[in-house]
Amino acid sequence: MMAASDSSSGNRGGFVFPAPPEYIPEWAEREANSWTGLDEFEILVRAEEITGKRIEITCSLLPESTWGFHIVKGHRAGIFLNRRLPDQWKRFALFHELYHLLEHRKGESFWRRTATPLSSFEHQADLFAWAVALKEWEICWKESSL
């Protein structure tokens, strides 16, 4: 679940926005390359091909402490994003939850049975989301500065 972070680079509408990490690992940069710049439909098509699940994205009114979450049931999956988030942060939350769908398919019950803390899985999803977001924001910045 994507939730507000304690370390912030800003606060808007009750949300606490995290500062980018000082370092994006090579694996996150590499994985972000194939997702950067895709529209929502292209993201869904690609994610459905990879997971074999029918995925829906829904923007819902969620508590400010919840940016998003995902649910998987059988051959279907849903990503729920807080509709109050600014658009760029909705996209960040989308990629965070998408990473869980793609890479953490065994879910929370698996995490409880392993020695890996849940925070590690959340950190991985954040790094992936940051890798995509920073690439997209850089592209937007270059395009607006022409």
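All of these numbers come straight from a predicted model, not from anything done at the bench.

Novice: How would you sum up the pattern of salt bridges? Please name residues and give values.
Specialist: Under the defined criterion, the tally for this structure stands at six salt bridges. For R30, the salt bridge is made with E26, and the minimal N-O distance between the two is 3.3 Å. Taken together, the residues R30 and E26, both in helix α1 (residues 26-33) and four residues apart, mark about one turn of the helix. Where E29 meets K135, a salt bridge forms, and the shortest distance between an N and an O atom there is 3.2 Å. Here E29, found in helix α1, pairs with K135, found in helix α5 (residues 118-144); they are 106 residues apart in sequence, far enough to count as distant. Given a relative accessible area of 29%, E29 falls into the partly exposed group. With relative accessibility at 22%, the residue K135 sits in the partly exposed group. Members of the salt-bridge network, linked through shared partners, are R54, E56 and R76.

About the thresholds
- Residues numbered from 1 in each chain as written.
- Predicted model: local features only at pLDDT ≥ 70, side-chain atom pairs only at ≥ 80, totals over all residues.
- Heavy atoms only, no water.
- Salt bridge = Lys/Arg side-chain N within 4 Å of Asp/Glu carboxyl O.
- Helix = DSSP H or I, 4+ residues; strand = E, 2+ residues; numbered from the N terminus.
- Buried < 20%, exposed > 50% of the residue type's maximum accessible area, 1.4 Å probe, protein only.

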